[in-house]
2 protein chains.
Amino acid sequence: MAPRKKSETPPAPNTPVSMADLARELGVSMTTISRALSDHYSIGPEMKSKVLKLAKKYNYQPNRLASALRKGKSKLLGIIVPYIEGRFFPSVVHGIETAASKAGYNVIICQSNEDAAQERRNVEALLSAQVAGIMVSLSRTTTSYQHFDKVQSRGLPLVFFDRSVEGENVNAVVLNDQEGALISTRHLLQQGCRRIAHLAGPQHLNIYKNRRQGYLDALREAGLPVEEELIVYTDMTQDEGAAAMRRWLALPNPPDGIFSGGDYCALGAMQEAARQGVRVPDDVAITGFSNEAFTVITEPTITTIDQRCEEMGQATVRLLLELIEASGTTFTPRQIVLRPELLIRDSSLREARKTTGRRAAKAAVR
Amino acid sequence: MAPRKKSETPPAPNTPVSMADLARELGVSMTTISRALSDHYSIGPEMKSKVLKLAKKYNYQPNRLASALRKGKSKLLGIIVPYIEGRFFPSVVHGIETAASKAGYNVIICQSNEDAAQERRNVEALLSAQVAGIMVSLSRTTTSYQHFDKVQSRGLPLVFFDRSVEGENVNAVVLNDQEGALISTRHLLQQGCRRIAHLAGPQHLNIYKNRRQGYLDALREAGLPVEEELIVYTDMTQDEGAAAMRRWLALPNPPDGIFSGGDYCALGAMQEAARQGVRVPDDVAITGFSNEAFTVITEPTITTIDQRCEEMGQATVRLLLELIEASGTTFTPRQIVLRPELLIRDSSLREARKTTGRRAAKAAVR
DNA sequence: TTGTAGGCGTTATCAC
DNA sequence: GTGATAACGCCTACAA
């Protein structure tokens, strides 16, 4: 479409009105209009109100493209996530969008689909769109980081969240998975468990490595031995949780507590226990990880670790905005570590006084 | 930040390179560069490859802001959703982003938080950002639609999805809730249920009104009477489902089938049945609506209606792109109605041959 | 306090 | 086939 011709008549009602249109209408210069609209200091109050009134009348919308082009700074932030599904990423994105919008920014969202090449293309697209900063949770297949070097060498603020690159040289917001595992396992110990098993996830992923470490820390702290038969490595699926539980229940001396690195896996174990007539939490107490939505609807409800999705989103935006404002000056990279929260529910609580009444699940309204 | 001064030296490595920089380097005009990069017809092949090589060397990124400003058309689409949580909206957004990105568009996401005023602000922001089109799922509190009239009067393509305004004058993609209810209730009839109850949602919301209507249709079709004591109006929560079930089980003649307008509510009913020793599906068959993630992990798994979230996203983008391409020409608004899918699971399947083995739940990896 | 003018990076139009 | 030039809408020295 060819650009609209400049006309001397007032703008058609269905066409966006520019500052030039307002200027012509009032017989003043564009500068005046610009100052009135941007609340500049040197502008007569009556002039200003006249401009504002006309702007409202014509429903003037500033063209942020033009503004960004001129100023070299847009009001757009970019997010790259592996995907927008499940519980975790949508919640973080929710937190990000809320915080960004509060600060006057809009957010462009991209999915890498766990594909490094796609992630690279996402970065290019965001650079092309002239975003003011980028937030990334790494794709699982990303092994080289040049595309991010390029971002930083342009002086464009960059913050990783949840899945970050290692090191002190990046800005990142992550959850302390190890601490989560530690407090969860400690809780099982406090409930009287002495033989605590662990459903571990793929150890090449940091989150699962750290969760296993936290579990080990808690055992050591309590002076308990680590028994290899009590650690089962899984892909964190429900079925693998059930399978592990079957193996454990077949032992001469089965565990009396289980810390699972994920909720689905914990669920599988719990269901297998029920099938075999083993009582949860009395015979075996179980805790999960992630606070999946279903953990409050099972019977018993599942003790788990909340990952502070919303806070993670907020913290990510806060850090990014700091970087944007400090743009130009030197800024020492920061890693923000969020503290996980243990949500104690019925699957691990052995005392007589259980949590009173199930937490009402959110309405299934869409 | 003041715009960078035009310099005669090659660009610093950390600064974006423009077409002018390339032109200077090659001693040709910007026009030539532009043509080479945009694959224009009148350009010498050797010139073209020279330009492309240099562009790659300097890692040239087109400035889409400038391009959009000049052309009056950006490569950005806007989405407005009530929120990015639960199962439904994230999945639709996932579908939208995937389809948009395939077509070379990026997506700005906004949340209205079920607030009409916020929704209005979202529209303004997207207009300001000069998006090429807008996709909206209405906030629950939206009662006036002027902000959308403004969008359309600007000639900006607009498509509603899921929560749309009524009428033939809008472009929309919605699910046929009534049909979903119909096939779900029919399925219960086929399973031999003769007294089918309904957990209904708030009737001022179209989706629940339509689901109730589908239920009534199925009863009429089967020549069964509508009994008011078998329809309970709820807010679709788990607890209300349980409460309704309690009332039904206290009847002299309890229902032998239940069609719930939502999965959480169905779950509550199912759990209450279990507590009272009533067998599902043999004593009472139950079906839900929405295909929430938990419906495959309960025991028994819950029969439900899939809402085609991904397809909805794709269809929305397809329709919007059509509108964008038809921009200027007259385009008769279209309403696309997606057909829901009945997922038959154990909570309603009375025959001996149940679904073999629980469907493996997706790994709880984040 | 207000106006003038140039430029942000790209592309369409015209001339060569 | 290539080049010069003028916009797109906004912002900001600088001048008045």
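The shown structure was predicted, so the numbers you read here are calculated from the model rather than taken from an experiment. (Residues numbered from 1 in each chain as written. Chains lettered and ligands numbered in written order. Predicted model: local features only at pLDDT ≥ 70, side-chain atom pairs only at ≥ 80, totals over all residues. Heavy atoms only, no water.)

Visitor: Teacher, can you tell me more about the sheet that holds strand β9 (residues 285-287) of chain B here?
Guide: Strand pairing in a sheet relies on backbone hydrogen bonds, with the paired strands running either antiparallel or parallel. Residue and element names in this part refer to chain B. Taken in spatial order, the four strands line up as β7-β6-β8-β9 in an open sheet, and their pairing is parallel. Each having just a single partner strand, β7 (231-233) and β9 make up the two edges of the open sheet. If you compare each strand with its neighbour and ignore which way they point, the axes differ by 15° on average. As judged from the four bridges shared by strand β6 (residues 196-200) and strand β8 (residues 257-260), these two strands associate in the parallel manner. In the strand pairing of β8, His198 is matched with Phe259. Across the sheet, helix α9 (residues 206-221) lies against β6, β7 and β8, angled at about 170° from β6, the strand it touches most. Lying over the sheet, helix α10 (residues 238-249) contacts β6, β7, β8 and β9, oriented at roughly 150° with respect to β6. (Pairing = 2+ DSSP bridges. Helix = DSSP H or I, 4+ residues; strand = E, 2+ residues; numbered from the N terminus. Axes fitted to C-alpha atoms, helices over the stretch in contact; angles between N-to-C directions. Contact = heavy atoms within 4.5 Å.)

Visitor: Please clarify how the UniProt feature "domain: HTH cro/C1-type" (unreviewed entry) in chain A should be interpreted in this entry.
Guide: Summarizing the sequence annotation, UniProt attributes the feature "domain: HTH cro/C1-type" (unreviewed entry) to residues 18-65 of chain A in the numbering used throughout. Between the end C-alpha atoms of residues 18-65 of chain A there is a gap of 12 Å, over a span that is 65% helix and 0% strand. (UniProt positions renumbered as here; feature names shortened; annotations may be inferred.)

Visitor: So what exactly am I meant to see when it comes to the relation of the copies chain A and chain B here?
Guide: Expressed as a screw transformation, the operator carrying chain A onto chain B has a rotation angle of 180° and an axial translation of 0.0 Å, and the superposed copies differ by an RMSD of 0.1 Å. Both copies are brought into coincidence by an operation consistent with a two-fold rotation axis. Nearest to the rotation axis, the C-alpha of A:Ile108 is located 2.2 Å from it, this being the minimum over chain A. Both copies share a contact surface, since 100% of the interface residues of chain A are interface residues in chain B too. (Least-squares fit on C-alpha atoms with pLDDT ≥ 70 in both.)

Visitor: Would you mind going over the sheet that holds strand β3 (residues 133-136) of chain A with me for this structure?
Guide: Here 12 strands make up an open sheet; going across it, the order is β11(A)-β5(A)-β4(A)-β3(A)-β1(A)-β2(A)-β2(B)-β1(B)-β3(B)-β4(B)-β5(B)-β11(B) and the pairing mixed. Looking at strand neighbours, the two that pair on one side only are β11 (335-338) of chain A together with β11 (335-338) of chain B, the edges of this open sheet. Adjacent strand axes in the sheet meet at a mean angle of 20°, parallel and antiparallel pairs treated alike. The pairing of β3(A) with strand β4 (residues 158-161) of chain A spans three bridges and is classified as parallel. In the strand pairing of β4(A), A:Met135 is matched with A:Val159. Each of β2 (106-111) of chain A together with β1 (76-81), β2 (106-111) and β3 (133-136) of chain B touches helix α6 (residues 116-128) of chain B; the most contacted strand, β1(B), lies at about 175° to it.

Visitor: Could you clarify how one ought to interpret the domain arrangement of chain A in this entry?
Guide: Where interface size is quoted, it is often the accessible area lost as the parts come together. All names here are of chain A. The domain boundaries assigned to chain A delineate domain 1 (19-62), domain 2 (72-175 + 309-337) and domain 3 (177-307 + 342-365). Computed over C-alpha atoms only, the centres of domain 2 and domain 3 are separated by 32 Å. Taken together, the contact between domain 2 and domain 3 spans seven residues of the former and 10 residues of the latter. When domain 2 packs against domain 3, the two sides together hide about 810 Å² of surface, and 45% of this comes from carbon and sulfur. When the buried area of domain 2 at its contact with domain 3 is split by residue, Arg87, Arg140 and Leu175 rank highest and sum to 64% of it. Scanning the region where domain 2 abuts domain 3 turns up zero salt bridges. Here domain 2 is connected to domain 3 by four residue pairs in polar contact (both at pLDDT 80 or more). (Domains from an automatic or database assignment. Buried area = accessible area lost by both parts, 1.4 Å probe. Salt bridge = Lys/Arg side-chain N within 4 Å of Asp/Glu carboxyl O. Polar contact = N/O pair within 3.5 Å; in protein donor to acceptor, adjacent residues only side chain to side chain.)

Visitor: Is there a simple way to explain the packing of aromatic side chains in this structure?
Guide: A ring pair, where both rings are aromatic, is described by two values, the distance of the centres and the angle of the planes. For the structure shown, the criterion picks out 10 aromatic pairs over all chains. Aromatic pair A:Phe148 and A:Phe160: ring centres 5.3 Å apart, planes at 75°, arrangement edge-to-face. Here the residue A:Phe148 occupies a position in helix α7 (residues 146-153), and A:Phe160 occupies one in strand β4, the gap between them amounting to 12 residues. This pair shows no difference in class: A:Phe148 is buried, exactly as A:Phe160 is. A network of ring pairs unites the aromatic residues A:Tyr83, A:Phe88 and A:Phe89 as a single cluster. Here B:Arg211 stacks its cationic end above the ring of B:Phe289, 3.8 Å away from the centre of that ring. (Phe/Tyr/Trp six-rings, centres within 6.5 Å; stacked < 30°, edge-to-face > 60°. Buried < 20%, exposed > 50% of the residue type's maximum accessible area, 1.4 Å probe, protein only. Lys NZ or Arg CZ within 6 Å of the ring centre and 35° of its normal.)

Visitor: Can you help me understand the protein's contact with DNA strand D in this one?
Guide: Surrounding DNA strand D, one finds 26 residues, the nearest of these being A:Tyr60, A:Arg70, B:Thr32, B:Arg35 and B:Gly44. Take B:Thr32: an N or O atom from its side chain is 2.2 Å from a phosphate oxygen of DNA strand D. In this structure, B:Gly44 approaches DNA strand D through a main-chain N or O atom, which is 2.8 Å from a phosphate oxygen. Secondary-structure elements contributing two or more residues to the surface near DNA strand D are α2 (30-37) and α4 (64-71) of chain A together with α2 (30-37) and α4 (64-71) of chain B. A total of four residues in the surface near DNA strand D trace back to one element, the largest contributor, which is α4(A). Split by residue class, the surface near DNA strand D holds 10 nonpolar, 10 polar and six charged. (Near = heavy atom within 4 Å. Nonpolar A, V, L, I, M, F, W, Y, C, P; charged D, E, K, R; others polar.)

Visitor: Looking at this structure, I do not really get the protein's contact with DNA strand C. What am I missing?
Guide: Taken together, the neighbourhood of DNA strand C is formed by 26 residues, with A:Thr31, A:Thr32, A:Arg70, B:Tyr60 and B:Arg70 sitting nearest. Across the atoms of DNA strand C situated within 4 Å of the protein, the share located in sugar and phosphate is 55%. A distance of 2.3 Å is found between a phosphate oxygen of DNA strand C and a side-chain nitrogen or oxygen belonging to A:Thr32. Between B:Ser67 and DNA strand C, the recorded distance is 3.4 Å, taken from a side-chain N or O atom to a phosphate oxygen. Listing elements by their share of the surface near DNA strand C, those giving two or more residues are α2 and α4 of chain A together with α2 and α4 of chain B. Considering every element that reaches the surface near DNA strand C, the biggest residue donor is α4(B), with four residues. The class makeup of the residues in the surface near DNA strand C is 10 nonpolar, 10 polar and six charged.

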